[in-house]
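# Report on the structure
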Amino acid sequence: MAGPWYQLTIVTRVSNLPYNGEMAAATTLVLIAHLLCVNVAAGGPLVCAWLEWRGGDLARRAGSYLGVLSLLTLMAGGVLGLLLGWLKWTAEYAALWTGPLSYKLHWGAAEVLFSLVLACLYCLLASGTGRTGRGLRIGRGAIALLSGTNLLYHFPPLFIVAGKLLAAGETAGPRIGGAEFRRLMLAGETPALSVHVALACLAMAGIALLGLALRQLRRDQPAEAATIAGWGGRIALAATLAQLPVGLWTLALLPAAAQARLMGSDMLGTGWFLAAMGAAFWLARELAAIALGEATRPAMIRSMVAMVVTISLMTAMQSSLS
């Protein structure tokens, strides 16, 4: 329920080379770290926009915290993504990006830079004390919203489409232009996976707010901590619960072979699936407690751990399908 940019786990399909156990474990760990970072990087600005709409000094400070965290995780996620690509790079994958997807590759770097500039600008504008005017809040919110939606619009569909082309062996041929790529974005399970990604990013951004709530508890400010934890808990809970119908939508559109492996024909795939679902329900239970007012340190730590476990199991499940 809380996977990508978890569909970047499609990168696990890009190599047919035999991996030894150590290489596979290292690649999976890098992938999990990458997903944790990019989820915050894409979802954080959306929550910042909501905080700007809400207004108030506490919301502004929470937005500033989350904006800085989103910027840092965007940079860290980019570095981890490059490392992951290097670990899994093959001649076939290179041919895909230098051939059919060369157009998107060139623009992808520009889109990352664009979101990075927007994230920096938001951090600068949100860092000043006492700047709570309505016009400034609208401007900051618009910048944050553009930063997050730019990432979500361009990159999850890009890597989903790349994974599908690679799985189909379509790594050569003419360059795919903008119109053709938009058609591929709307084909098959790609829209469902893209919605799943957006919800996962929102859930992770909500969890990130719990980090600020824990900081306020350490500073002996329980009232502020409870308010921030309530915001984060409700955002993460709503996004996690919304993943149930989206997950069913995604499952219904998966290839028949993948469905069968998750539904019982493959013990490993089914085991990962059941474990991931169990972790997701555990996460929902912990978030519900926080949303209802249990803003305690143990409850928030349990929610954070549950999120990491859920993402890790989802990644392992997706890897088992490759």
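Residues numbered from 1 in each chain as written. Predicted model: local features only at pLDDT ≥ 70, side-chain atom pairs only at ≥ 80, totals over all residues. Heavy atoms only, no water.

Positive phi, normally seen in glycine, also occurs at Asp220, with a value near 60 degrees. Here Asp220 lies in the loop between α7 (190–218) and α8 (222–253). (Helix = DSSP H or I, 4+ residues; strand = E, 2+ residues; numbered from the N terminus.)

All told, the structure shown has two aromatic pairs when counted by the stated rule. A ring pair is formed by Trp50 and Trp231, whose centres lie 6.0 Å apart and whose planes are at 85 degrees; its orientation type is edge-to-face. Here Trp50 is found in helix α1 (residues 21–54), whereas its partner Trp231 is found in helix α8, with 181 residues between them in sequence. Under the relative-accessibility criterion, Trp50 is labelled partly exposed at 29%. (Phe/Tyr/Trp six-rings, centres within 6.5 Å; stacked < 30°, edge-to-face > 60°. Buried < 20%, exposed > 50% of the residue type's maximum accessible area, 1.4 Å probe, protein only.)

Moving on, we get to the confidence of the model for the protein chain. The predicted coordinates should not be examined in detail at positions where pLDDT is low. Per-residue confidence for the protein chain gives a mean pLDDT of 84; residues scoring 70 or more make up 89%. Model confidence for the protein chain, summarised as mean pLDDT per element, is weakest for helix α9 (residues 256–265) at 71 and strongest for α7 at 94. For the stretch residues 1–19, pLDDT sits under 50, and the model shows 82 contacts to residues farther than four places along the chain or on other chains. (pLDDT = per-residue confidence, 0-100. Contact = heavy atoms within 4.5 Å.)

Turning our eyes to something else, we now look at the packing of helix α2 (residues 57–88) against α7. Between two packed helices, the angle of one axis relative to the other and the distance separating the axes together describe the packing. Packing of α2 against α7 leaves a shortest axis separation of 10 Å and a crossing angle of 120 degrees. Here α2 lies oblique to α7, going by the angle between them. Every pair of crossing elements has a handedness; the one defined by α2 and α7 is right-handed. Contact residues: α2 offers Arg61, Ala62, Tyr65, Leu66 and Leu69, while α7 offers Ala205, Ala208, Leu209, Gly211, Leu212, Arg215 and Gln216. In the contact of α2 with α7, the residues fall into eight nonpolar, two polar and two charged. (Axes fitted to C-alpha atoms, helices over the stretch in contact; angles between N-to-C directions. Parallel < 35°, antiparallel > 145°, perpendicular 65-115°, else oblique. Left-handed = near helix turned anticlockwise from the far one by under 90°. Nonpolar A, V, L, I, M, F, W, Y, C, P; charged D, E, K, R; others polar.)

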